[in-house]
Protein chains: 2
Amino acid sequence: MAFRSEILIKLDKKGRVLLPAAFRDELPADDRGAFVLYHSPNVSGVVNGNSRMGFDAMLERLRAEALGPKGSLKVALDDEAFDPAGYLSAGARTIAMEPDGRFSMPAEFVEALDAADGVMLVGKVEKFQLWNPARWQARRAAEREKMAAFVRNLSAGGDA
Amino acid sequence: MAFRSEILIKLDKKGRVLLPAAFRDELPADDRGAFVLYHSPNVSGVVNGNSRMGFDAMLERLRAEALGPKGSLKVALDDEAFDPAGYLSAGARTIAMEPDGRFSMPAEFVEALDAADGVMLVGKVEKFQLWNPARWQARRAAEREKMAAFVRNLSAGGDA
DNA sequence: GGCTTTCCCATGGTATCCCATTGTATCCCG
DNA sequence: CGGGATACAATGGGATACCATGGGAAAGCC
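Predicted, not measured: the structure shown is a model, and the values here were computed from it. (Residues numbered from 1 in each chain as written. Chains lettered and ligands numbered in written order. Predicted model: local features only at pLDDT ≥ 70, side-chain atom pairs only at ≥ 80, totals over all residues. Heavy atoms only, no water.)

Draft legend 1. The protein's contact with DNA strand D, seen in detail. Near DNA strand D lie 21 residues; those nearest to it are Lys14, Arg16 and Arg102 of chain A together with Lys14 and Arg16 of chain B. Of all atoms in DNA strand D that approach within 4 Å of the protein, 36% are sugar or phosphate atoms. The contact in question runs from a phosphate oxygen of DNA strand D to an N or O atom on the backbone of alanine 21 of chain B, over 3.0 Å. Those elements that provide at least two residues to the surface near DNA strand D are strand E1 (6–10) and strand E2 (16–18) of chain A together with strand E1 (6–10), strand E2 (16–18) and helix H1 (21–24) of chain B. Partitioned by chemical class, the residues of the surface near DNA strand D number 8 nonpolar, no polar and 13 charged. (Near = heavy atom within 4 Å. Polar contact = N/O pair within 3.5 Å; in protein donor to acceptor, adjacent residues only side chain to side chain. Helix = DSSP H or I, 4+ residues; strand = E, 2+ residues; numbered from the N terminus. Nonpolar A, V, L, I, M, F, W, Y, C, P; charged D, E, K, R; others polar.)

Draft legend 2. Main features of a nonpolar patch on the surface. Where nonpolar side chains cluster on the molecular surface, the patch consists of Met147, Phe150, Val151 and Leu154 of chain A and spans about 400 Å² of accessible area. Mapped onto the fold, valine 151 of chain A is located in helix H6 (residues 133–157). (Patch = residues over 30% accessible without salt bridge, like charges linked within 9 Å, V, L, I, M, F, W, Y side chains within 5 Å. Areas by Shrake-Rupley, 256 points an atom, 1.4 Å probe, with all protein chains shown as cover. Salt bridge = Lys/Arg side-chain N within 4 Å of Asp/Glu carboxyl O.)

Draft legend 3. How the structure looks around the packing of aromatic side chains. Residue and element names in this part refer to chain B. This structure, assessed with the given rule, holds 16 aromatic pairs over all chains. Taking the centre distance of 6.1 Å and the plane angle of 50 degrees together, the rings of phenylalanine 35 and phenylalanine 128 count as tilted. Of the two residues, phenylalanine 35 is situated in strand E3 (residues 34–39) and phenylalanine 128 in strand E8 (residues 128–131); the sequence distance between them amounts to 93 residues. Pair check on accessibility: phenylalanine 35 and phenylalanine 128 agree, each one buried. Where tryptophan 131 meets tryptophan 136, the ring centres are 5.4 Å apart and the plane angle is 55 degrees; that geometry is what we call tilted. Of the residues examined, tryptophan 136 reaches a relative accessible area of 1% and is grouped as buried. (Phe/Tyr/Trp six-rings, centres within 6.5 Å; stacked < 30°, edge-to-face > 60°. Buried < 20%, exposed > 50% of the residue type's maximum accessible area, 1.4 Å probe, protein only.)

Right under this line is the structure:
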């Protein structure tokens, strides 16, 4: 399971978006009918996506790291303490797909993306992202610079 | 079973509230007609909700972890000792829904929330919360800061 | 008898189902 | 290896079902 490639998909006037076949194929075989969309925790205008399984696994690791082994009872009771898994959950929605792979995008995500008639789907290994196409172009250009610098650094400190 | 998303629901002049379909779908298949509401143990103005199954499971863990293996007998007999599960139960009510998913919200919870004409339902993974919409906005803004800080910390202390 | 609670029906909006179209990739066959 | 035949991916659109909500009427409850 590894999401790859960037694909531009239409957002039709009914608010529907197609999850490309390349991404559908990465969903668990026993749960192909639905997945999860959630707001990025620290970048506005970006929506993340994952299988239900992948999202739930992330929440679990998150709680383990944030609270330790005895955290589960505390989290169930303590409504005052900050719970990062609960925060992500509140910004997440389970999305059911039609048999042909399309889903209707909730208005909150359309607004967050400021998407007019298209959405850029970007594979990020264990999750994927939805971007406003124009914003993604800018981001990708910036990342190309960083990647080049990263590779330069590698060769400097490489397995000398 | 994992409650997600935040949904604003009307509180009509008859005191009725709709449990959204997204939340109804997370209730156990064999117990879709009712659920539990209970006051937050440590944040006033917040009401928690869960399936009967989920609430009971929490009480059980609470007694097991807070009182040890002999806890249940002690709790049954000792009316002097403090019993957190008993405390939560006293502040809880089983709520029956109409077939269309609506229920009439008990006055005690309406007062606790200070809800006028709307209630914010927030998914918190294994339970959900009811908030006064305005108070939830404030809380969410505060949590966004904490989440960003949490993510920053992760990258700093990465799994070295 | 007033008051609240439950049941039922009505409605607007959205999402879902189903069918159709186009283009591309794959396959088969000689 | 060409040339069509076939399958599937991506998109459009009409019809239908369901969600969220309002409100009337019946059924309790002091």
